[in-house]
Amino acid sequence: MSEVTIITFANQKGGVGKTTLCTLFANYLVNRGKRTIVIDCDGQQTIFEKRKADYKKYPDQKEKYKVQAFSIADPENVKNLMKNLRQLNGVVLIDAPGNLAQQGLIPLFVQTDYIVCPYQYETTSINSTVTFLGFILQLKKRVQSMATKIFFIVNKHDKRYGTEREKKLWAETDEQWSKFGIVTPKIEQRVEMQRYNTMGLMDTQKSIVTPAFDCIYDNIFGENGYGKEGK
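Parameters and conventions
Residues numbered from 1 in each chain as written. Predicted model: local features only at pLDDT ≥ 70, side-chain atom pairs only at ≥ 80, totals over all residues. Heavy atoms only, no water. Phe/Tyr/Trp six-rings, centres within 6.5 Å; stacked < 30°, edge-to-face > 60°. Helix = DSSP H or I, 4+ residues; strand = E, 2+ residues; numbered from the N terminus. Buried < 20%, exposed > 50% of the residue type's maximum accessible area, 1.4 Å probe, protein only. Expected span 1.5 Å × (residues − 1). Arc of directions from axis to C-beta. Contact = heavy atoms within 4.5 Å. Disulfide = S-S within 2.5 Å. pLDDT = per-residue confidence, 0-100. Polar contact = N/O pair within 3.5 Å; in protein donor to acceptor, adjacent residues only side chain to side chain. Pairing = 2+ DSSP bridges. Salt bridge = Lys/Arg side-chain N within 4 Å of Asp/Glu carboxyl O.

Turning our attention to the packing of aromatic side chains. The final tally for this structure, using the stated rule, is 13 aromatic pairs. Taking 6.0 Å as the distance between ring centres and 55° as the angle between the ring planes, the aromatic pair formed by F9 and F25 counts as tilted. Of this pair, F9 sits in strand β1 (residues 4-9) while F25 sits in helix α1 (residues 18-31), and the two are 16 residues apart along the sequence. Between the aromatic rings of Y28 and F213, the centroid separation amounts to 5.4 Å while the plane-to-plane angle is 65°, which identifies the pairing as edge-to-face. Linking Y28 in helix α1 with F213 in helix α7 (residues 203-221), this pair joins segments that are 185 residues apart in sequence. Side by side, Y28 and F213 carry an identical accessibility label, which is buried.

Structure follows, in structure tokens:
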């Protein structure tokens, strides 16, 4: 019997770091002993291209997980992909495009167990996240069997900035997100995050992402996590 968990990194707006976090989370999962595969559905195929570059940059390192590119242009192909993924064991991470107009996103989201939605404390990013959440909620109304749960994760956070009024607004924003999913610890904006690769998690990156990733992991795979409730 297959036992797979499908986690999609997605938001309406590009530039929030979903590709970076998807890759780092893959590195994190294999460190936790999880069999992992990454499906790169983003149009730029950044993770897929980075893996090819990493083969050349780290020729002596063995890959710890597979990275596959996949186009979601055809919804029927996406349906078949998600059906096939359900036959696997382990964790599937999907990097989704930042454009809700693509029809292939509908079967992808419907069959996704968890969505990790990165955003930033910035007006455009927050508004885009509102749009994205609205899309998911409407989709869940249309498809009663859709049981997708959401993690909201503040990314590229610079704690040195923000007026008292802004910080209050940000806290209120997180409180609103918590009504629809789990808000994880923040991930700080650090230059080490841009030096990621698909071969492993660097120690400097580990200290930055671990609080947020532990929150996601424990809520899915922990003793009292979502994953223990059954799909």
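With that settled, consider helix α6 (residues 164-177). Its 14 residues give α6 an end-to-end C-alpha distance of 20 Å, which sits within 8% of 20 Å, the value for a rise of 1.5 Å per residue. If you check which residues of α6 are buried, you get W170, T173, D174 and W177. Within α6, the buried residues cover an arc of 95° as seen down the axis, which keeps them to one side. Seen from the open side of α6, the exposed residues pointing more than 90 degrees away from its buried face are E164, R165, K168 and E175. The inward-facing, buried residues of α6 abut β5 (114-119), α5 (123-142), β6 (149-154) and β7 (182-183).

Let us now look at the state of the cysteines. Counted according to the given criterion, the structure contains zero disulfides. Cysteine C117 is unpaired, with the sulfur of C22 as its nearest cysteine sulfur at 14 Å. Of the residues examined, C117 reaches a relative accessible area of 0% and is grouped as buried. Here C215 stays unpaired: no disulfide links it, and the sulfur of C117, its closest cysteine neighbor, is 14 Å away. The exposure class of C215 is buried, given its relative accessible area of 17%.

Here the focus is the confidence of the model for the chain. With 95% of its residues at a pLDDT of at least 70, the chain reaches an overall mean of 91. Looking over the chain, one finds the lowest element-wise mean pLDDT in α6, namely 92, and the highest in strand β2 (residues 36-40), namely 98.

It is worth spelling out the environment of K34 at this point. Mapped onto the elements of the fold, K34 is located in the loop between α1 and β2. Taking the C-alpha atoms as reference points, K34 and Q138, separated by 104 residues in sequence, lie 32 Å from one another. For K34, the contacting residues outside a window of four places in its chain are L29, V91, Y217 and F221.

In this fold, R51 is placed in helix α2 (residues 46-57). Side-chain polar atoms of R51 contact the side chain of T198, separated by 2.8 Å. With near-sequence residues (within four places) excluded, R51 lies in contact with E63, Y65, K66, V67, T198 and M199.

This paragraph deals with the sheet that holds β1. Two strands in a sheet stick together by hydrogen bonds in their backbones, pointing the same way (parallel) or opposite ways (antiparallel). Strands sit in the order β3-β2-β4-β1-β5-β6-β7 across an open sheet of seven strands; the sheet is parallel. This sheet does not close on itself; its edge strands, each paired only once, are β3 (66-69) and β7. Relative to β3, β2 runs parallel, the two sharing four bridges. Bridge pairing in β3 places D40 opposite A69.

Applying the stated criterion across every chain, the model contains 12 salt bridges. Across the pair E188 and K159 runs a salt bridge whose closest N-O atoms are separated by 3.5 Å. Pair noted here: E188 is in the loop between β7 and α7 and K159 is in the loop between β6 and α6, with a separation of 29 residues, a long-range link. The partly exposed category is assigned to E188, whose relative accessible area is 29%. A salt bridge links K206 to D203; the shortest N-O distance between them is 3.8 Å. Of this pair, K206 and D203 both sit in helix α7, separated by three residues, roughly a single helical turn. One salt-bridge network, in which partners are shared between bridges, spans K159, E188, R190 and E192.

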